[in-house]
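Working through the structure, step by step
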Amino acid sequence: MKSLSIVLPLVVTAVLPVSSIADESKQTKIERAMSAAPSSISENATIIDTDGTLLKQGTNDWTCLPDTMPGDKAPLCNDETWMKMMQAIGSKSDFVADRIGISYMLQGEPKGSGVSNATPHHANHKHAEDYVETGPHLMIIVPKNLLQGIPTDPNSGGPYVMWGDTPYAHIMLPVSLKGKQVVTNK
Ligand SMILES: [Cu+2]
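For the structure given in this document, a descriptive report is provided here. Every residue gets a number counted from 1 within its own chain, in the order that chain's sequence is written. In keeping with the model being predicted, local features are shown solely for residues with a pLDDT of at least 70 and side-chain atom pairs are shown and tallied solely at 80 or more, while totals for entire chains, interfaces and linings include all residues. Computation of side-chain values: all heavy atoms of the structure, hydrogens and water removed.

Re the pattern of salt bridges
This is how it is decided: The term salt bridge refers to a side-chain nitrogen of Lys or Arg lying within 4 Å of a carboxyl oxygen of Asp or Glu. Helix and strand definitions follow DSSP, with helices as H or I runs of at least four residues and strands as E runs of at least two, each counted in order from the N terminus. The buried label goes to any residue with under 20% of its type's maximum accessible area, the exposed label to any with over 50%, and the partly exposed label to all in between, with areas taken from a 1.4 Å probe on protein chains only.
If you walk through the whole model with that rule in mind, you get 5 salt bridges. Its salt-bridge partner being Asp 67, residue Arg 32 comes within 3.0 Å of it at the nearest N-O pair. Pair noted here: Arg 32 is in helix α3 (residues 26-34) and Asp 67 is in the loop between β3 (63-65) and β4 (76-78), with a separation of 35 residues, a long-range link. Classification of Arg 32 by relative accessible area gives buried; the value is 13%. Residue Asp 67 is classed as buried on the basis of its relative accessible area, which comes to 3%.

As for unusual backbone geometry
Positive phi, close to 50 degrees, is recorded for Lys 92, a residue that is not glycine. Mapped onto the fold, Lys 92 is located in the loop between α5 (80-90) and β5 (101-105). What makes Lys 92 exposed here is its relative accessible area of 60%. For Trp 163, which is not a glycine, the phi torsion comes out positive at approximately 55 degrees.

Structural notes on the pairing of strand β10 (residues 170-174)
Looking down a regular strand, the side chains alternate between one sheet face and the other. Note the cut-off: Any two strands with at least two DSSP-identified bridges between them are counted as paired.
The pairing of strand β8 (residues 137-141) with β10 spans 4 bridges and is antiparallel. Bridge pairing links Ile 140 to Ile 171 in β10. In the sheet, strand β9 (residues 160-162) pairs with β10 via 3 bridges, with the strands oriented antiparallel. Paired with Met 162 across the two strands is His 170, which belongs to β10.

Digging into the sheet that holds strand β11 (residues 183-184)
On the basis of which strands lie adjacent, the open sheet formed by 3 strands has the order β6-β7-β11 and antiparallel pairing. Each edge of the sheet is formed by a strand with only one pairing partner; in this case those strands are β6 (115-116) and β11. The pairing of β6 with strand β7 (residues 131-133) spans 2 bridges and is classified as antiparallel. Within β7, the position partnered with Val 115 by the bridge is Val 132.

Section: the coordination of the copper ion
Threshold: Donor atoms are limited to N, O and S found within 2.8 Å of the metal ion, a distance that becomes 3.2 Å for Na, K and Ca. With water left out, some sites might look partial.
In the first shell of the copper ion, the protein supplies Met 105 (SD), His 137 (NE2) and Met 139 (SD), at 2.0 to 2.2 Å from the metal. Donor residues for the copper ion sit on one chain with the sequence pattern M-x31-H-x1-M. Of this pair, Met 105 sits in strand β5 while His 137 sits in strand β8; the two residues are 32 residues apart in sequence, bridging distant segments of the chain.

In structure tokens form, the structure reads like this:
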């Protein structure tokens, strides 16, 4: 009978729905979302989940999310222009920048949570030839003609253009004070 006590816990674990293990508390999500930007912004920001669920109503024009893509644990705080672009990305609809948009990602992204630098709609970001993790950064949307002269190569060592040939082009601006933060497959 000794072996049964070893087998049983394994079975119990296996039949539990995955969500009961993976689900994070609302507070955990709010705290991660707020960690993306200075408190002068995040304290009064509206916090929403990536599926649009309101986690905390704010009083300024900023919106913070605990994840950039569902479950990637890469928090960000967006102004209104960035929120519009994120919605366009989600619905694969057109977006034309007529003003500057600013997003803070001061925590960067966890290892393995980077993206293809060519498109937000890559079928398998992790294995993209142009995979990139940036570390702590800002993301700046500008009208597309103003992107001229900014490198498209993440390894250039400074700001670079992400998703440049799509409607979702923006400048990635690494802000870490120390070390090489950008990681690519090249
Ligand atoms: Cu980012």
